[in-house]
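Chain residues, written in single-letter form:
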Amino acid sequence: MANTTTYLAHLIALWLIWPILLTTHSLWAQNSDQAQPNVIVILVDDLGYGDVNFGLAEGKAFRNPYVQTPNLAKLAGESLVLQHHYAASPVCSPSRAGLLTGRTPTRYNINLYIRDNRDDDLIFLPGREVTIAEVLQSAGYQTAIFGKWHLNGADWEDPKSWTGWTGSFPKQQGFEAGMVSKENPHFTRLLKTNTQQHPGDFFSVDGKPLGPIKGYTSDIITEAATNWLKEERDVSRPFFLYLPYDAVHIRVAAADEYVSRYNTGDARKDAYYANITHLDATIGNLLSSLDSLNLTDNTLLFFSSDNGPDVLKKWEATYYCYGTSYPLAGQKYQLYEGGIRVLGLVRWPGKIAPGISDAPNSTLDILPTFCELVRQPLPNDRPLDGVSILSHLTEGKPIEREKPLYWQFEDPREFVTIGEGYDRRLDGSQKVDKPSPVVAIREGNYVLRGFQNKAFTLPTEFTLYDVVNDPEELEELSKVKSDLFASMKQQLLEMYRAVNAEREKTAVEIEQKVSQLE
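Everything numeric here is computed off the predicted structure, so don't read it as measured data. (Residues numbered from 1 in each chain as written. Predicted model: local features only at pLDDT ≥ 70, side-chain atom pairs only at ≥ 80, totals over all residues. Heavy atoms only, no water.)

Trainee: It is not clear to me how the packing of aromatic side chains should be interpreted in this structure. Could you clarify?
Mentor: Aromatic rings in a pair are described by how distant their centres are and how their planes are angled relative to each other. Counted according to the given criterion, the structure contains 18 aromatic pairs. Aromatic pair W228 and F239: ring centres 5.9 Å apart, planes at 90°, arrangement edge-to-face. On the criterion of sequence distance, the pair formed by W228 in helix α5 (residues 217–232) and F239 in strand β6 (residues 239–244) is long-range, its members being 11 residues apart. The class for W228 is buried, based on a relative accessible area of 4%. F239 gets classed as buried once you look at its relative accessible area, which sits at 0%. One aromatic cluster is present, formed by Y66, Y262, Y272 and Y273 through successive ring pairs. Geometry around Y320 places R268 over its ring, the cationic atom sitting 5.3 Å from the centre. Over the ring of F456 we find R503; its NZ or CZ atom is 3.7 Å from the centre of that ring. (Phe/Tyr/Trp six-rings, centres within 6.5 Å; stacked < 30°, edge-to-face > 60°. Helix = DSSP H or I, 4+ residues; strand = E, 2+ residues; numbered from the N terminus. Buried < 20%, exposed > 50% of the residue type's maximum accessible area, 1.4 Å probe, protein only. Lys NZ or Arg CZ within 6 Å of the ring centre and 35° of its normal.)

Given below as structure tokens:
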């Protein structure tokens, strides 16, 4: 009788907990199906290598005493800090194109930023290019973008453009949801004043103009993204969220609470520093939202800048450009380290150990890395210039490349350098009449740069620097390292020929298409 009673008690207990077991199994199955992590890429605009303060104990990098970035400092403490991380270009449009495709943007005819004040269908991200969003979409991810697109020149106010032949609009490139601007949402013909306050050039990814929006762009972008995370995404699927902020691109504007934290004696410098701190605060809000939604642990977050800091006093609005690339030489518009080497952070709790990496890597590596992450094949019908660095991030293994990191920029500028330390920057009111590099490669510790006087012709002069031991590029090494110099020169010329052959083919195809439409 006792055994019967015990047996019945077990049956009753099982009957009572069965719904709980079913629910637990369902949640486990859901989490198993979503073993692939969520992915967030944060790309900020014109943030210099020296424009943050992480309070690191060693080295000169990321310790700017003039700037307050507590949220980025906290993120850095939880991340692998990439000290030798590079953007794809020293200016915005080609840099963003390279990040999304894993390919040097000159290959598909994007060499300079795409201008907002005209529609130019000859320069855009071609629809045939495969983007990170499309790769992750094919792996079952939902995709969203909030922020600056700046990758096509077709008429955004013409609804036909959004499904047109260029294929260059966000939805055509794999983004299902979001809110985007052509160049900067505050740099638009819809506004009389160029400012990040109350922007007026956002569109839905379906092409609907959203009109002027009250507030500051960093807040607006972050709030839209967090609302999507909380209310609109499908919680049963992993997501890819791309956040290309327009800060700290000129003309800066920040809330009084951030401006009041600075008193340098120069109101414009205060405004620039406040803009960084305002951006930092909004990123802190995003990170808090991830925590509250229990998304942090299963989210790989990547943080970078599109290029080095803009140049002070180059034109009226750039009087606010107090960014610095210290301790690196050069800034935006230049293929020196400070123009292309930017801050990189990667956080994935429990999978990527916090620390510092000195391995050279690039935003061109993001697409191949994500392909490996979600077990999707690489695009095999075109040359890629990046490689997967997943095993380096998760296991600390060396990054293996068959060819060097490569950059090309055919409209470089030279200016006078002023100031010392974190006060060092370029003065755009003082141009320098001397050659500037148009192509560069990095192999190991060394960067080789090529110079020429006519765009898209083979370089004829070269310089070699050890950017690890000489980050300010004070000692030229072509004669000291003659064998290495000769080897790298041959590689640079081979890559330059290949990239430009593809560029010429792309340009001809686009021109033929345009002539057919006329």
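Trainee: Just to check I follow, could you spell out the pairing of strand β4 (residues 177–181) for this structure?
Mentor: When a strand is regular, its side chains alternate between the sheet's two faces. The buried count for β4 comes to five of five residues, which makes it a mostly enclosed element. Residue alternation in β4 divides its side chains into two sets, A177, M179 and S181 and G178 and V180, and both sets are buried. The pairing of strand β3 (residues 142–148) with β4 spans five bridges and is classified as parallel. Residue pairing in the sheet places F146 in a bridge with M179 of β4. Of the pairings in the sheet, the one linking β4 to strand β5 (residues 202–204) comprises three bridges and is antiparallel in character. Note on β5: the bridge partner recorded for M179 is S204. (Pairing = 2+ DSSP bridges.)

Trainee: I keep staring at the nonpolar core and nothing clicks. Help me out?
Mentor: Buried together is how nonpolar side chains tend to be arranged in soluble globular proteins. Ranked by internal contacts, the top residues of the largest apolar core, which has 61 residues, are I42, F146, L241, L243 and F303. No other element matches the 11 residues that helix α7 (residues 267–292) contributes to this core. Filtering out sequence-adjacent residues up to four positions away, L243 remains in contact with I40, V41, I42, L43, F146, I221, A225 and L286. Core analysis: the second largest hydrophobic core is formed by 45 residues, V41, V180, V374 and L390 among them. (Core = buried A, V, L, I, M, F, W, Y, C linked by side-chain atoms within 4.5 Å. Contact = heavy atoms within 4.5 Å.)

Trainee: For this particular structure, what's the right way to read the environment of A247?
Mentor: Its location among the elements puts A247 in the loop between β6 and α6 (256–259). Remark: the alpha-carbon pair of A247 and S218, spanning 29 residues in sequence, is separated by 6.7 Å.

Trainee: Would you explain the sheet that holds strand β15 (residues 446–451) in this entry?
Mentor: Note on sheets: strands pair through backbone hydrogen bonds, and any given pair is parallel or antiparallel. Spatially, the four strands line up as an open sheet ordered β11-β14-β15-β16, and their pairing is antiparallel. Either end of the sheet is taken by a strand with one partner, and the two such strands are β11 (405–408) and β16 (461–466). Between one strand and the next, the sheet's axes are offset by a mean angle of 15°, whatever the strand orientation. Relative to β16, β15 runs antiparallel, the two sharing six bridges. Its bridge partner lying in β16, Y446 is registered against D466. (Axes fitted to C-alpha atoms, helices over the stretch in contact; angles between N-to-C directions.)

Trainee: Quick question: what am I supposed to make of the pattern of salt bridges here?
Mentor: For side chains bearing opposite charge, pairing can occur when the charged atoms are close. Tallied over the full model, the rule gives 28 salt bridges. Notably, a salt bridge pairs D45 with R96, separated by 3.2 Å at the nearest N-O pair. Of the two residues, D45 is situated in the loop between β1 (38–44) and α2 (70–77) and R96 in helix α3 (residues 92–101); the sequence distance between them amounts to 51 residues. The buried category is assigned to D45, whose relative accessible area is 0%. When its relative accessible area of 0% is taken as the criterion, R96 is described as buried. (Salt bridge = Lys/Arg side-chain N within 4 Å of Asp/Glu carboxyl O.)

Trainee: Mind showing me how you'd approach the side chain of Q142 here?
Mentor: Turning to its location among the elements, Q142 is positioned in strand β3. Since its relative accessible area comes to 5%, Q142 is described here as buried. One polar contact links the side chain of Q142 to the main-chain carbonyl oxygen of R237, over a distance of 3.2 Å. (Polar contact = N/O pair within 3.5 Å; in protein donor to acceptor, adjacent residues only side chain to side chain.)

Trainee: How should the packing of α2 against α7 be read in this particular structure?
Mentor: For any two helices packed against each other, one specifies the inter-axial angle together with the distance between the axes. Closest axis-to-axis distance for the α2/α7 pair is 7 Å, and the angle between their directions is 50°. The angle between α2 and α7 falls in the class oblique. Contacts from P70, N71, L72 and L75 of α2 reach α7 at D280, A281, I283, G284 and L287. Residues belonging to the contact of α2 with α7 are distributed by class as follows: six nonpolar, two polar and one charged. (Parallel < 35°, antiparallel > 145°, perpendicular 65-115°, else oblique. Nonpolar A, V, L, I, M, F, W, Y, C, P; charged D, E, K, R; others polar.)

Trainee: Would you mind showing me how to read the environment of Y216 here?
Mentor: The topology assignment puts Y216 in the loop between β5 and α5. Under the relative-accessibility criterion, Y216 is labelled buried at 17%. Beyond its immediate sequence surroundings of up to four residues, Y216 is in contact with Q196, Q197, A253, A254, A255 and H278.

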